[in-house]
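# Observations on the model geometry
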Amino acid sequence: MVGVEATKLRRDPTEILSRAIQPALWMLVFGQVMSHARAINTGRLPYLDFMAPGILAQSVLFTSIFYGLSAIWEKDLGILHKYLVSPAPRSALVAGKALSAGMRGIIQSVFVYCLSLILSVHLDWNPIHLVGGLVAILLGAAFFSTFSLIIACIVKSRERFMGIGQVMTMPLFFASNAIYPIKMMPPWLQAISHMNPLTYQVDLLRSTMIVGGVNNFPIGLDLAVLLGSTVVAIVIAARLYPGLAQ
Amino acid sequence: MVCASYNPPVDSVDSYEPLNLLETKSLTRRFDVLTAVDHVSFAVRESEVFGLVGPNGAGKSTMIKMMTTLLRPTSGTATICGYDIVKQSASVRRQIGYVPQMVSADGDLTAKENLLLVATLYDVPKAERRERAEEALEFMNLADVADKRVRQFSGGMIRRLEIAQSMLHRPKMLFLDEPTVGLDPVARSSVWDHILELRDRYQTTILLTTHLMDEVENLCDRMGVMHHGKMVAVGTSAELKTATGDPKATLDDVFIKFAGERIDESSGFRAISRARRTARRLG
Ligand SMILES: Nc1ncnc2c1ncn2[C@@H]1O[C@H](COP(=O)(O)OP(=O)(O)OP(=O)(O)O)[C@@H](O)[C@H]1O
Ligand SMILES: [Mg+2]
């Protein structure tokens, strides 16, 4: 199931490239301006270093959150029906999609790592930390793509999904610690960001991707939240997925 | 017994001698106020090609979606190979293949990749996947375009590929929803040939829907006419012609008598625009 998704990914390098432009812009423009202005207090960590994991998580989020759209596309053709009449367990179908989102995420990480290297962000090459980062990317992509699939199963039409997708992505991004520390937020926003899995993904990335990155939460908590929410999302999506065909 | 070769059932099927591979009892599906399928009881016999006809919106696709476990019936029951479509849906899925009215092949993949994906979905052992895919391509006359992207295929080739997909796991029963819609006469008769050969070689039981009476005449052993969700007539084309009472009756006359209108008069805007869209996608 997953292997086949890789083929498609290989076929479509333009898409990966166009997705790469956004993080580049964020880091080059927003990152440069902010580090010169020193408007955001990130302790001893240079702002670009602080921001790099956030931008990586963001680019993975922006790709994953539109996975539901491709599911609706598959429904409008007959491809979804083909999947659903097969004896493959629904949870396997959903998990396959999540994993392929994870794969995309890893390709994006390679790009953001290169970008960070060019901008002389202090990357952490400790193998254990690299693996930790990988896990953060995989789980984050899996969660948000599955979350997106759940939305798709509820709204069912491309137009409505586009509307909701736009409305949802920005709050998810801003109500997280991606580009500023949680401590800087007003209390209500802090509360929201504590419920946002993106926060935990960024937290995990920050402690694994860069030298001197500090996490707000214990790594175990980050992992537990990401893993837990992904599993819950997959269970819900597997229940809703057959309804998309009706 | 027949079905047991594929998926050894847990019990009970040994005592079950299926004359009818598919059987429905009062099968009903409502969408809000509309009853798309209304207390339909009929049966499809083993190794026959059964044609389901009826005007647009008669409920043919809804019927197929219930039998392929995509849609739950509102009431009534149906069994395929003795398995209940609701209570034993997983077993049913292992016995059937389905080609939807819409396009179910992935345009971004090649013909072979499409087949390998389906082989994976059906848990065909890894060692056999390639061989099965090649056999299916051969069977459907697609071997020379195996590594071409489906996007470049003609409508007839896509349909044949979709049928190849649906038979990869050697299903006992195949559901084809308007398999020849939007095809030119040459492509259409090629699809017919393949359907018949499929039945002859693998004894596959086939249920298909169509709007073309010559398709029924050429292809189907028996037919059923649906109208407003009801199954209004079932039998061989000869039986149904006799039933009209007119010795010179054609199948068109059968259709008019039982469905109460000509096919082309019954098409509303929704159906027409959908049919056109399907045709365009295929072309
Ligand atoms: N998901 C749905 N929600 C509401 N109504 C539906 C749904 N699916 C089908 N219908 C309605 O049920 C009726 C039967 O539709 P169906 O698609 O089964 O007809 P059909 O016989 O296949 O027609 P066609 O020849 O145009 O393919 C139609 O009136 C259709 O509008
Ligand atoms: Mg139909």
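Our subject is the structure that appears above.
Predicted model, so just to flag it, every value in this text is computed and none were measured.

The rules behind each value
Residues numbered from 1 in each chain as written. Chains lettered and ligands numbered in written order. Predicted model: local features only at pLDDT ≥ 70, side-chain atom pairs only at ≥ 80, totals over all residues. Heavy atoms only, no water. Helix = DSSP H or I, 4+ residues; strand = E, 2+ residues; numbered from the N terminus. Buried < 20%, exposed > 50% of the residue type's maximum accessible area, 1.4 Å probe, protein only. Contact = heavy atoms within 4.5 Å. Areas by Shrake-Rupley, 256 points an atom, 1.4 Å probe, with all protein chains shown as cover. Donors = N, O, S within 2.8 Å, 3.2 Å for Na, K, Ca; no water. Buried area = accessible area lost by both parts, 1.4 Å probe. Salt bridge = Lys/Arg side-chain N within 4 Å of Asp/Glu carboxyl O. Polar contact = N/O pair within 3.5 Å; in protein donor to acceptor, adjacent residues only side chain to side chain. Nonpolar A, V, L, I, M, F, W, Y, C, P; charged D, E, K, R; others polar. Near = heavy atom within 4 Å. Expected span 1.5 Å × (residues − 1). Pairing = 2+ DSSP bridges. Axes fitted to C-alpha atoms, helices over the stretch in contact; angles between N-to-C directions. Left-handed = near helix turned anticlockwise from the far one by under 90°. Parallel < 35°, antiparallel > 145°, perpendicular 65-115°, else oblique.

## Some thoughts on the overall build of chain B
Counting its regular elements, chain B contains 10 helices and 11 strands. Looking at chain B as a whole, 56% of its 283 residues are labelled buried. In chain B, of all internal contacts separated by at least 6 residues, the share reaching a separation of at least 24 is 69%. If you sum the accessible surface of chain B, you get close to 12,300 Å²; carbon and sulfur atoms cover 49% of it.

## With respect to the coordination of the magnesium ion (ligand 2)
Residues and elements named next belong to chain B. Protein-derived ligands of the magnesium ion (ligand 2) are Ser61 (OG) and Gln101 (OE1), with the metal-ligand distances lying across 1.9 to 2.3 Å. In this pair, Ser61 sits in helix H1 (residues 60–67) while Gln101 sits in the loop between strand S7 (96–99) and helix H3 (111–121), placing the two residues 40 residues apart along the sequence. As far as burial versus exposure is concerned, Ser61 and Gln101 are alike and both buried.

## Details of the interface of chain B and chain A
Opposite the 28 residues of chain B that make contact, chain A presents 23 residues. Interface area, chain B with chain A, both sides summed: about 2,300 Å², of which 63% is carbon and sulfur. Contact with chain A buries surface across chain B, with B:Leu70, B:Arg93 and B:Leu121 losing the most and accounting together for 28% of the total. The interface formed by chain B and chain A includes 0 salt bridges. There are 4 residue pairs in polar contact (both at pLDDT 80 or more) connecting chain B and chain A. Those elements that place two or more of their residues in the side of chain B that touches chain A are helix H2 (89–95) and H3 of chain B. Considering every element that reaches the side of chain B that touches chain A, the biggest residue donor is H3(B), with 6 residues. Along the lines of polarity and charge, the residues of the side of chain B that touches chain A split into 12 nonpolar, 6 polar and 10 charged.

## Some words on the site of ligand 1
Around ligand 1, the structure places 17 residues, and the nearest of them are B:Asn56, B:Gly57, B:Lys60, B:Ser61 and B:Thr62. Site remark: ligand 1 is flanked by residues from chains A and B. A distance of 3.2 Å is found between an oxygen atom of ligand 1 and a backbone nitrogen or oxygen belonging to B:Ala58. B:Gly59 is positioned with one of its backbone polar atoms (N or O) 3.0 Å from an oxygen atom of ligand 1. Burial of ligand 1 by the surrounding chains reaches 76%, relative to a free accessible area of 640 Å². Where the shell around ligand 1 is concerned, the elements lending two or more residues are strand S2 (34–40), H1 and helix H10 (269–282) of chain B. Element by element, the count of residues in the shell around ligand 1 is highest for H1(B), at 3 residues. Of the residues belonging to the shell around ligand 1, the class tally is 5 nonpolar, 8 polar and 4 charged.

## Notes on helix H6 (residues 185–202) of chain B
All names here are of chain B. Helix length check: H6 (18 residues) gives 26 Å between terminal C-alpha atoms against 26 Å at 1.5 Å per residue, within 8%. Of all the positions in H6, only Ala187, Arg188, Ser190, Val191, Trp192, His194, Ile195, Leu198 and Arg199 are classed as buried. Of the surrounding secondary structure, the elements contacted by the buried residues of H6 are strand S4 (49–53), helix H4 (126–139), helix H5 (155–167), strand S8 (173–177), strand S9 (205–209) and helix H7 (213–219). With a side-chain oxygen lying 3.0 Å from the backbone nitrogen of Val186, the N-terminal cap of H6 falls on Asp184. Looking one or two places after H6, you find Gln203, whose phi comes out positive at around 55°.

## Section: the pairing of S2(B)
Residues and elements named next belong to chain B. Pairing analysis gives 4 bridges linking strand S1 (residues 20–31) to S2, with the strands arranged antiparallel. Looking across to S2, one finds that Leu27 is bridged to Val40. Joining the antiparallel neighbours S1 and S2 is a turn of 2 residues, in which Asp32 adopts a positive phi near 50°.

## So, unusual backbone geometry
The phi angle of most residues is negative, glycine excepted, and most peptide bonds adopt the trans form. Backbone geometry places A:Lys156, a non-glycine residue, at a positive phi of 70°. For A:Lys156, the position within the fold is in the loop between helix H7 (127–155) and helix H8 (158–174). Given a relative accessible area of 28%, A:Lys156 falls into the partly exposed group. The phi dihedral of B:Arg170 is positive, around 50°, even though this residue is not glycine. Among the secondary structure elements, B:Arg170 is positioned in the loop between H5 and S8.

## Thoughts on the pattern of salt bridges
One side chain can pair with another of opposite charge once the charged atoms of both are near each other. All names here are of chain A. In the structure shown here, the tally under the stated rule is 16 salt bridges over all chains. The salt bridge involving Glu74 is made with Lys97; its shortest N-O contact spans 3.2 Å. Here Glu74 is found in helix H4 (residues 67–76), whereas its partner Lys97 is found in helix H6 (residues 90–118), with 23 residues between them in sequence. Take Glu74 and Lys97: they sit in the same class, and that class is buried.

## Focus on the packing of helix H3 (residues 47–64) of chain A against H6(A)
Residue and element names in this part refer to chain A. The geometry of H3 relative to H6 is characterised by a closest axis approach of 9 Å and an angle of 145° between their N-to-C directions. H3 and H6 meet at a crossing whose hand is right-handed. Here H3 contributes Ala52, Leu56, Ser59, Val60, Thr63 and Ser64 to the contact with H6, which in turn contributes Ala101, Arg104, Gly105, Gln108, Ser109, Val112, Tyr113 and Ser116. Looking at the contact of H3 with H6 residue by residue, the class counts come to 6 nonpolar, 7 polar and 1 charged.

## Quick notes on the sheet that holds S9(B)
All names here are of chain B. In spatial order, the strands read S7-S8-S9-S4-S10-S11; together these 6 strands make up an open sheet with mixed pairing. Of all the strands in the sheet, just S7 and strand S11 (230–235) have a single pairing partner and so form its edges. Across the sheet, the axes of successive neighbouring strands diverge by a mean angle of 15°, strand direction being ignored. Two strands pair when backbone bridges link them, and strand S10 (residues 222–227) and S11 are joined in this way by 5 bridges, in the antiparallel orientation. Residue pairing in the sheet places Met223 in a bridge with Gly235 of S11. Against the sheet, H6 makes contact with S4, S8 and S9, and its axis sits at roughly 155° relative to S9, the strand it touches most.

## Quick word on the packing of H6(A) against H7(A)
Residue and element names in this part refer to chain A. The N-to-C vectors of H6 and H7 enclose an angle of 130°; their axes lie 7 Å apart at closest approach. With respect to each other, H6 and H7 are oriented oblique. The hand of the H6/H7 crossing is right-handed. Facing H6, whose interface residues are Val94, Lys97, Ala98, Ala101, Gly102, Met103, Gly105, Ile106, Ser109 and Tyr113, H7 presents Leu130, Leu134, Ile137, Leu138, Ala141, Ala142, Ser145, Thr146 and Leu149. Here the contact of H6 with H7 is composed, by residue class, of 13 nonpolar, 5 polar and 1 charged.

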